[in-house]
Amino acid sequence: MLMIHAWHQAQGNKRHKVLIPDTAHGTNPATAALCGYEVVPIASDGVLSAEAVAAAMDNDVAALMVTNPNTLGLFESNIREICELVHSRGGLVYCDGANLNALLGICRPGDLGIDVMHFNLHKTFATPHGGGGPGAGPVGVTAELEPFLPLPIIVKEGETYRLDSDRPESVGRLRAFASQFGILIRAHAYVLSMGAQGLKKATELAVLNANYVRARLEGSYHLPYKERSLHEVIFSDIDLPNNCHTLDVAKRLLDYGFHPPTIYFPLVVQGALMIEPTETESQLALDEFCDALLAIAEEAKTHPELLHQAPVNARTRRLDETLAARKPKLRWVRREA
Amino acid sequence: MRYLPHSDQEISSMLELIGVEKIEDLFSGIPADCRLTRSLDLGAPLAEADLQRHLQLLAAANQVDDSWSRFLGGGYYDHHIPAAIDHLISRSEFYTAYTPYQPEISQGTLQAIFEFQTLICQLTGMEVANASLYDGASACAEAVLMALRCGRKRSKVLLSRGLHPGYRELVATYVRYLGVELMEVPLTADGRTDCTAVERLLDAEVAALVTGYPNYLGVVEDIETLAGLAHASGARMLVAVAEPLALGLYRSPGELGADIVIGEGQSFGLPLSYGGPGVGFMAVKQKDMRSLPGRLVGETVDGDGQCGYVLTLATREQHIRREKATSNICSNQGICAVVVSIYLALLGKNGLPQLARDNYSRASWLAGEIAALSGFSLPFSAPIFNEFVVSCPQPSSEILQRLEQEQILAGIDLTADYPEIKNGLLICVTEQNDRKQLDSLVAALKGGAA
């Protein structure tokens, strides 16, 4: 987003707003704000329409931030038209790469009209999660934005490589050293070991797995968006009886020995249960997982207390997150004798 | 080919249940004009053995290896990594674990991060630390943003010239479109931030004063005096610690009046790895707790009253507060923070000061030896830790080049960043530099001067 800002500045444009659909990744508004932009949310009905963008797009809009496929697991099928529209009115399009693993070998964001995109190496290129980090987020840009890339970049001269920091239009440094280098090496190794066919196969199996879970659970859990899912499927808890909610389902899954999926995100779905199996789960594992969820849906009808009390088989019982936030204890202190 | 567990049979049975014929049908939501009609332009998949050979050859093209003597610091430090660390973090419970959003099954990760927060507080003399940030430099930039938020209408920030140049550049990048005025505070002749200049520059518009501790030139700043000046004018005192091992020897910034302490934890068990991943830390006083950016782990109880840990105070974060969040960072350095916890636990409260004193004595001894060489001098008189500046009789770049022939990386050439220091060379000494290395550096410097 800094690059987008720098590009506009170089054109002599003074634009203050960034459009963000409600299905974009959760961190996008904060990123836009940190780059000095005012955020304008756009409502979408699952898939963003060109009309909705056209209505919000004016000469004060610097960029549109989209996530494709979006956080509902749906392909933004109007993306070409939307990119052309934003470009025709002098804006740029940023794409959040959180869901790129649905598209490898299927389509390329650059061909769709995206100007800037970041990649989550731990989500798409198999770098270790490490209990929450380190992540790494390299960015790709169009040739037009290349002068604005952060410093330094590596250039090849003949047979040798060197670091280039003499780039006057760059947005500047974003790390003091060479960033998350060790993570980049891991992702590079993954891409080399997969090749084009392996990456495409991983995408296909990730999409197959999500659709398989969808087919097995549809009918037992409410599916708010019926469009064809890509790598993830989102259910809602509105059909669950007896005051059972998504949180209860997640905690009950722990008792069955499964790591629950992401819950209560995206915000556009009430009580969202976002299931993203990825390519690495076998049919057997998915069947066991779905059987557990089906059993839980049944328990919600007949023995709702099993959900409300869960977990009973985990390392701890349900932890009091409200207490943690109301009376924060963020470090150990020696108890007074 | 990596782990893709599906057999053809399984694929067909799954497709049948879904109710489509081919995998391609699952992509029907993607319009034809968005599709790639050919393969991605990548080579054939490499077998593991070929991949390993390829990466080994690339690594071998880097000439410097462990047989060289290295005196490079400047924000990233070559310290010994205890063997236990690799073993412990390679356990899948830490290495491949998902973000601990489900605390009941993530107590290991959460407790390790809680211990990290505690250790950072103890080390910095502060009251609350977060679960880590990308690196020391971005932690510094986040701290400046935080000071601006807390300082409400204040829009100026004073950066000491002694603050790491990379940190200063990052702060400039982060605030470039936020209407913030950055001002540089010069150094005095002893290498420390100029208090008179600070007094002159401080006014009701200044949100923060930022210095290094030790600063980039290896000098230990007088935080107490600087903090006093900052506070008198209503600004926050930000202290950046690029070499936290120094806190095993010198008084903690918290004790000296710092409001926000940020730093780089790489010294504590992480490899140099060409500059990353490292681990940034940030610690504040209780009053600023709710303005902290980044993840936080807190202690709570479960339904049975048993103690446990959870991610907490999420109302500061971007999923909930959207554009009003304290930062856009949505992860921490995870396993790198766990490394720091393990390292500090291994050294303990006696081991850390012992190692710090060891670094200090090696550096002081070497500084004395070099100062005695003809033509070399130490421009700064203020106390140092494990790093110091030498003024050389020839341009530093020439000296560095000459010593490279003897497989010595003698230090960092300061000419570009600090032209005011005549032929400045920044030399760092850690426990990795034994007596033989120190002697050969002195001999090599002497040889050229003669």
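What you are looking at is a predicted structure, and each value in this text was computed from that prediction instead of being measured.

Calculation criteria
All chains use their own residue numbering, which begins from 1 and follows the written sequence. All chains are assigned letters beginning with A, and all ligands numbers beginning with 1, in the order in which they are written. In keeping with the predicted nature of the model, local features appear solely for residues at pLDDT of at least 70, side-chain atom pairs appear and are counted solely at 80 or more, and the whole-chain, interface and lining totals rest on all residues. The side-chain figures draw on all heavy atoms in the structure; neither hydrogens nor water molecules are used. By convention, a stacked pair of Phe, Tyr or Trp rings (six-membered ring in the case of Trp) has centres within 6.5 Å and planes under 30 degrees apart, an edge-to-face pair has planes over 60 apart, and any other such pair is tilted. To qualify as a helix, a DSSP run of H or I must reach at least 4 residues; to qualify as a strand, a run of E must reach at least 2; elements of each kind are numbered from the N terminus. Each residue gets one of three labels from its accessible area relative to the maximum for its type: buried under 20%, exposed over 50%, partly exposed in between, using a 1.4 Å probe on protein chains only. DSSP calls a pair of strands paired once it identifies at least 2 bridges connecting them. Salt bridges are identified by distance alone: a Lys or Arg side-chain nitrogen within 4 Å of an Asp or Glu carboxyl oxygen. Think of each axis as a best-fit line through the C-alpha atoms, taken over the contacting stretch in the case of a helix, with angles from 0 to 180 degrees between the N-to-C directions. Reported orientations rely on four angle classes, namely roughly parallel under 35 degrees, roughly antiparallel over 145, roughly perpendicular from 65 to 115, and oblique for the rest. By convention the crossing between two helices is left-handed if the near helix lies anticlockwise of the far one by an angle smaller than a right angle, and right-handed if it lies clockwise. Contacts are assigned to residue pairs with any non-hydrogen atoms lying within 4.5 Å of each other. Here the nonpolar group is Ala, Val, Leu, Ile, Met, Phe, Trp, Tyr, Cys and Pro; Asp, Glu, Lys and Arg are the charged ones; every other residue, Gly included, is treated as polar. The patch calculation keeps residues exceeding 30% relative accessible area without a salt bridge and links them within 9 Å when they carry like charges or within 5 Å when they are nonpolar (Val, Leu, Ile, Met, Phe, Trp, Tyr). All accessible areas in this document rest on Shrake-Rupley with a 1.4 Å probe, and a residue is counted as covered only by the protein chains that are shown. The definition of a nonpolar core used throughout is a set of buried Ala, Val, Leu, Ile, Met, Phe, Trp, Tyr and Cys residues joined through side-chain atoms within 4.5 Å. Two N or O atoms count as a polar contact when they lie within 3.5 Å, although within protein this holds only if one can serve as hydrogen donor and the other as acceptor, and sequence-adjacent residues are included solely when both atoms are side-chain atoms. Domain segmentation is taken from an automatic or database assignment of domains. Put simply, buried area is the surface a 1.4 Å probe can reach on two separate parts but cannot reach once they are joined, added for both.

Trainee: What should I look at first to understand the packing of aromatic side chains in this one?
Mentor: Each aromatic ring pair is specified by the distance between its two centres and by the angle formed by the two planes. All names here are of chain A. One pass over the structure, following the stated rule, counts 8 aromatic pairs over all chains. Relative to phenylalanine 289, the ring of phenylalanine 258 has its centre 5.5 Å away and its plane inclined at 70°; by these criteria the two rings are edge-to-face. A residue pair is termed long-range when its members are at least 10 positions apart, and phenylalanine 258 in the loop between α8 (246–255) and β10 (262–263) and phenylalanine 289 in helix α9 (residues 283–302) qualify at 31 residues. Classification of phenylalanine 289 by relative accessible area gives buried; the value is 11%.

Trainee: What is the right way to look at the sheet that holds strand β9 (residues 233–235) of chain A in this model?
Mentor: As a general point, the strands of a sheet are linked pairwise by backbone hydrogen bonds and lie either parallel or antiparallel. All names here are of chain A. Pairing in this open sheet of 3 strands is antiparallel, and the strands run β9-β11-β10 from one edge to the other. Each edge of the open sheet carries a strand with a single partner, namely β9 and β10. Judged from the 3 bridges that link them, β9 and strand β11 (residues 273–275) form a sheet pairing that is antiparallel. Its bridge partner lying in β11, isoleucine 234 is registered against methionine 274.

Trainee: I tried to follow the pattern of salt bridges on my own but got confused; where do I start?
Mentor: If charged atoms from side chains of opposite charge come close, those side chains can pair. All names here are of chain B. Using the criterion set out here, one finds 31 salt bridges over all chains in the structure. Among the ionic pairs, aspartate 439 bridges to arginine 435, the shortest N-O distance being 3.2 Å. Of this pair, aspartate 439 and arginine 435 both sit in helix α13 (residues 435–449), 4 residues apart, which is roughly one turn of the helix.

Trainee: Teacher, can you tell me more about the packing of α8(A) against α9(A) here?
Mentor: Relative orientation and spacing of two packed helices are given, respectively, by the angle between their axes and the distance between those axes. Residue and element names in this part refer to chain A. Running from N to C, α8 and α9 cross one another at 125°; their axes reach a closest spacing of 10 Å. Between α8 and α9, the crossing angle belongs to the class labelled oblique. Both α8 and α9 take part in a crossing whose hand is right-handed. Across from Val249, Arg252 and Leu253 in α8, the residues of α9 making contact are Phe289, Ala292, Leu293, Ile296 and Glu299. Of the residues that constitute the contact of α8 with α9, the class distribution is 6 nonpolar, no polar and 2 charged.

Trainee: Honestly, the environment of Ser282(A) in this entry has me stumped. Any pointers?
Mentor: Residues and elements named next belong to chain A. With respect to the element layout, serine 282 can be found in the loop between β11 and α9. For serine 282, a relative accessible area of 17% translates into the label buried. When the C-alpha positions of serine 282 and leucine 205 are compared, they lie 9.5 Å apart, and in sequence the two are 77 residues distant.

Trainee: Mind showing me how you'd approach the packing of helix α6 (residues 136–150) of chain B against helix α7 (residues 165–174) of chain B here?
Mentor: All names here are of chain B. One can describe the packing of α6 onto α7 by two numbers: an axis separation of 8 Å at closest approach and a directional angle of 50°. As judged from the angle between their axes, α6 and α7 are oblique. Note on packing geometry: the crossing formed by α6 with α7 is right-handed. Together, Gly136, Ala137, Ser138, Cys140, Ala141, Glu142, Val144 and Leu145 of α6 and Tyr167, Leu170, Val171 and Tyr174 of α7 make up the contact between the two elements. Class assignment of the residues belonging to the contact of α6 with α7 gives a composition of 9 nonpolar, 2 polar and 1 charged.

Trainee: Is there a simple way to think about a nonpolar patch on the surface in this case?
Mentor: Judged by side-chain polarity, Ile154(A), Tyr161(A), Leu163(A) and Tyr274(B) come together as a nonpolar surface patch covering roughly 490 Å² of accessible area. When you line up the elements, Tyr161(A) lands in strand β8 (residues 160–164). Taking relative accessible area as the criterion, Tyr161(A) reaches 59% and is therefore assigned exposed.

Trainee: Help me understand the nonpolar core, please; the structure alone is not making it clear to me.
Mentor: Soluble globular proteins tend to pack their nonpolar side chains together in the buried interior. Residues Phe75(A), Leu208(A) and Tyr221(A) are the most contacted members of the largest nonpolar core, which totals 75 residues. With 61 residues, the next largest nonpolar core counts Ala112(B), Val198(B), Val206(B) and Leu226(B) among its residues.

Trainee: Any chance you could explain the side chain of Asn332(B) here in plain terms?
Mentor: As for its position among the elements, Asn332(B) is in the loop between α10 (318–321) and α11 (335–371). Among the residues examined, Asn332(B) registers a relative accessible area of 3% and is labelled buried. A distance of 3.2 Å separates a polar side-chain atom of Asn332(B) from the backbone nitrogen of Gly334(B). Non-local contacts of Asn332(B), meaning those with residues more than four positions away in its chain, are made with Gly132(A), Gly133(A), Pro134(A), Ile113(B), Ala131(B), Ser132(B) and Arg295(B).

Trainee: Explain the sheet that holds strand β13 (residues 412–413) of chain B here, please?
Mentor: Residue and element names in this part refer to chain B. A sheet is described by the order of its strands in space; here 3 strands give the open sequence β11-β14-β13, paired in antiparallel fashion. Two strands close off the open sheet at either side, each with one partner strand: β11 (387–391) and β13. Summarising the sheet, β13 and strand β14 (residues 424–428) pair through 2 bridges and their orientation is antiparallel. The residue bridging aspartate 413 from the neighbouring strand is leucine 425, located in β14. Those strands touched by α11 are β11 and β14, and its axis lies near 5° from that of β11.

Trainee: I tried to follow the domain arrangement of chain B on my own but got confused; where do I start?
Mentor: By a widely used convention, the size of an interface equals the accessible area lost when the partners come together. Residues and elements named next belong to chain B. When cut into domains, chain B gives domain 1 (69–80 + 349–449) and domain 2 (83–343). Centre-to-centre, using C-alpha coordinates, domain 1 lies 28 Å away from domain 2. In this assembly, 33 residues from domain 1 lie in contact with 35 residues from domain 2. Roughly 2,700 Å² is buried in total at the junction of domain 1 and domain 2, and carbon and sulfur atoms are behind 63% of that figure. On the domain 1 side of the contact with domain 2, Tyr76, Phe385 and Tyr418 bury the most area, a combined 27% of that side's loss. Scanning the region where domain 1 abuts domain 2 turns up 1 salt bridge. For glutamate 420, the salt bridge identified is with arginine 161, shortest N-O distance 2.7 Å. Counting across the domain 1 and domain 2 interface gives 12 residue pairs in polar contact (both at pLDDT 80 or more).

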